[in-house]
Amino acid sequence: MAAWRLVLIVAHKDLRAELRTKEAINSSFSFALVILLLFSFAFDPTAEVTREISGGLLWIAFAFAGALILNRSFAREQPNDCLDALIAAPVPSAALFLGKALANWLLLLGVEAFCFPVFGIFYNIRWTRQFWPLLLVVVLGTWGFTLIGTMFSALTVNIRLREVMLPLLVYTVMTPCLLAAMQATSLLLAGEPLAGEAAVWLRFLIGFDVIFTSLSLILVETVLAG
Amino acid sequence: MIAVAVEDVWKFFGDYPALREISFTVEPGECLALLGRNGAGKTTLLRIIAGFSPAGRGQVRVFGRTARAVETRRLTGVLGHGIAVYDELSAIENLTLFGKLYGLADPERAAREWLERTGLERVAHGLVREFSRGMRQRLAIARAFLHDPKLLLFDEPFTSLDDRAIAVLQSVLRDGLLRGCTIVMSTHQLREAMELATHVALLNQGRMVHRCERPPEMLSDPGWLYARYGDL
């Protein structure tokens, strides 16, 4: 069977399970919302300050909220030993991993899609001015974050302090991705075109995604089946 | 072709050898019951044969291939301690999912057939989290048999099953043996297992201390092997 079909089957299963329980997406969305609201009320930034910090603020909210989604990714397989059944199925580990990463990516993009309008209202920023370039940065940055998070979610699934270990590991490795996404987002929200510095950060994000996607696909069999 | 060939397998947890020098073969159509006290290494051995965990030393071949080969996994059905179905999905969604993952031509039809066979057709669309323990166990049996596996690896399959689930499991295992399936199972439920086993093996502290055809004495006295070889 085509590997992509298996990827879609695994992703569909994860999305269906999550949308039924809404365990991760509700807490993730609430968390992101609280961060955005608290910053808005606590600092009451001027328009200029907002433009400077907008990328950092958004990606901090996405990163913290995303950790809640990623934590559930492989933990969802733990009750009833479902991970064993997935590993026993004739599915390449890479397809299994990509399916779970794809589901996490879509869930996180969903949370981000809700966050942008909230951000626009509370910080009085017209975030749609550079909509397509911004979408590209968000899609690539979220993929890099999701990829690393899903891999570490698999690595830490059997650790007792999983909820603590996962963010520690993920944030350390994803710092370059986060940095590039923050910088590119700030520039685009300030109204700059996707050229010059913003384009450099975008290329950095693409490189990061390509390298870590390849590494993950190579290493995932070892991570899942030893 | 030999169904399962285990050659000089060792497994270490830290410095502790959980399995030591395990070697045996299982021919197609055999039903091997792995016996032994708790901690003897039965589950560890089954997990290595199933490809969940690599051997520290030695190798396992299933129908001539490695345990992790995709083709091997297509031929193998595993039922471990957990039921390995998703609480958030319905019975039919669970079975259809695994049918798709195993590449069945008509996963939904196969799912319906097995739901009927395990007496779950009336709750096909019910969420598993709402099922009783017995229903969940029968669904797990359906999941393990769904893709018509040639090798069945069962870890204590009769433990905590209700009467109906035991009857279902024994029936499908008997059918499997008649069709030429190979079964390797660990068990403490000797009476149920001895009715099916063609061979028995006794593990003690990670070593296989005895392996033989199932002695006729074990039908009337399931503890016979322990009494004779299990000075443990």
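Since this is a predicted model, take the numbers as computed values, not measurements.

Caption draft 1: Region of interest: the overall build of chain B. Within chain B one finds 9 helices and 10 strands. Taking 2.2 N^0.38 as the reference for a compact globule, 232 residues should give roughly 17 Å; the C-alpha atoms of chain B span a radius of gyration of 18 Å, in line with that estimate. The principal-axis extents of the C-alpha atoms in chain B amount to approximately 50 × 40 × 35 Å. For chain B, long-range pairs separated by at least 24 residues make up 67% of all intrachain contacts whose partners lie at least 6 apart in sequence. Looking at chain B as shown, the accessible area adds up to about 9800 Å², and 47% of this sits on carbon and sulfur atoms. Between the averaged position of the 30 positive side-chain charges in chain B and that of its 28 negative side-chain charges there is a distance of 3 Å.

Caption draft 2: Expanded view of the side chain of Arg68(B). With respect to the helices and strands, Arg68(B) occurs in the loop between strand E5 (65–66) and helix H2 (70–75). For Arg68(B), the side chain forms a polar contact with the main-chain oxygen of Ile87(A), separated by 2.9 Å. The residues touching Arg68(B), leaving out its near neighbours within four places in the chain, are Ile87(A), Ser93(A), Glu221(A), Ala225(A), Gly51(B) and Arg73(B).

Caption draft 3: Structural view of the sheet that holds strand E3 (residues 31–35) of chain B. Residues and elements named next belong to chain B. Pairing is mixed across the open sheet formed by 6 strands, whose spatial order is E6-E7-E8-E3-E9-E10. Both outer strands of the open sheet, strand E6 (76–79) and strand E10 (207–213), are each paired with one neighbouring strand and no more. Going across the sheet, the axis of each strand differs from the next one's by a mean of 15°, ignoring polarity. Examined bridge by bridge, E3 and strand E8 (residues 182–186) share 4 bridges and lie parallel to one another. Each residue of the ladder has a partner; that of Cys31, found in E8, is Ile183. Contacts from helix H1 (residues 42–50) reach E3, E6, strand E7 (151–155), E8, strand E9 (199–204) and E10, with the element oriented near 150° to E7. Helix-sheet contacts for helix H6 (residues 163–178) involve E3, E7 and E8, and the interaxial angle to E7 is about 150°.

Caption draft 4: Representation of the nonpolar core in the model. Core analysis: the largest hydrophobic core is formed by 164 residues, its most contacted members being Leu35(B), Leu45(B), Leu101(B) and Phe145(B). Examining the composition of this core, we find that 17 residues originate from one element, helix H5 (residues 93–123) of chain A, more than from any other.

Caption draft 5: How the structure looks around the interface of chain A and chain B. Facing 26 residues of chain A, the contacting portion of chain B comprises 31 residues. Together, the buried faces of chain A and chain B total about 2500 Å²; carbon and sulfur atoms form 60% of this surface. Considering only the side of chain A, the residues that lose the most area to chain B are Arg20(A), Asn80(A) and Pro90(A), jointly responsible for 25% of the buried surface there. Applying the counting rule to chain A against chain B returns 4 salt bridges. Between Glu221(A) and Arg68(B) there is a salt bridge, with its nearest N and O atoms 3.0 Å apart. At the boundary of chain A and chain B, one finds 16 residue pairs in polar contact (both at pLDDT 80 or more). Taken together, the elements giving at least two residues each to the side of chain A that touches chain B come down to helix H1 (3–21), helix H4 (82–88) and helix H8 (197–225) of chain A. Take the side of chain A that touches chain B: its biggest share by element is 8 residues, from H1(A). Partitioning the side of chain A that touches chain B into residue classes produces 14 nonpolar, 4 polar and 8 charged.

About the cut-offs
- Note on numbering: residues in each chain are counted from 1, in written sequence order.
- Chain letters start at A and ligand numbers start at 1, both assigned in the order the entries are written.
- Confidence filtering applies because this is a predicted model: local features only for residues at pLDDT of at least 70, side-chain atom pairs given and counted only at 80 or more, and all residues used for totals across whole chains, interfaces and linings.
- Based on all heavy atoms of the structure, the side-chain values leave hydrogens and waters out of the count.
- For helices the rule is a DSSP run of H or I covering at least 4 residues; for strands it is a run of E covering at least 2, with both sets numbered from the N terminus onward.
- Taken over C-alpha atoms, the radius of gyration is set against a globule rule of 2.2 Å times the number of residues to the power 0.38.
- Contact criterion: two residues are considered in contact whenever any of their non-hydrogen atoms come within 4.5 Å of each other.
- What sets the accessible areas is the Shrake-Rupley method with a 1.4 Å probe; for residues, cover comes only from the shown protein chains.
- A positive count includes Lys and Arg, and a negative count includes Asp and Glu. His and the chain ends are not counted in either.
- Here the site of a charge means atom NZ of a Lys, CZ of an Arg, CG of an Asp or CD of a Glu.
- In protein, a polar contact means a hydrogen-donor-capable atom and an acceptor-capable atom, both N or O and within 3.5 Å, with residues adjacent in sequence counting only if both atoms are side-chain atoms; elsewhere, any N or O pair within 3.5 Å suffices.
- Here the rule is simple: two strands pair whenever DSSP picks up at least two bridges between them.
- Geometry is summarised by axes, namely lines fitted to C-alpha atoms with helices restricted to the contacting stretch, and by angles between N-to-C directions that run from 0 to 180 degrees.
- Here the nonpolar core consists of buried residues drawn from Ala, Val, Leu, Ile, Met, Phe, Trp, Tyr and Cys, with membership extended through side-chain atoms lying within 4.5 Å.
- Burial here depends on accessible area, computed with a 1.4 Å probe over protein chains only, as a share of the maximum for the residue type. Under 20% is buried, over 50% is exposed, and the range in between is partly exposed.
- In this description, buried area is defined as the sum, over both parts, of the accessible area (probe of 1.4 Å) that is lost when the two are combined.
- Salt bridge, as applied in this entry: a Lys or Arg side-chain nitrogen positioned within 4 Å of an Asp or Glu carboxyl oxygen.
- Amino acid classes used here: Ala, Val, Leu, Ile, Met, Phe, Trp, Tyr, Cys and Pro are nonpolar; Asp, Glu, Lys and Arg are charged; the rest, including Gly, are polar.

The values reported here are purely geometric and, on their own, carry no functional implication.
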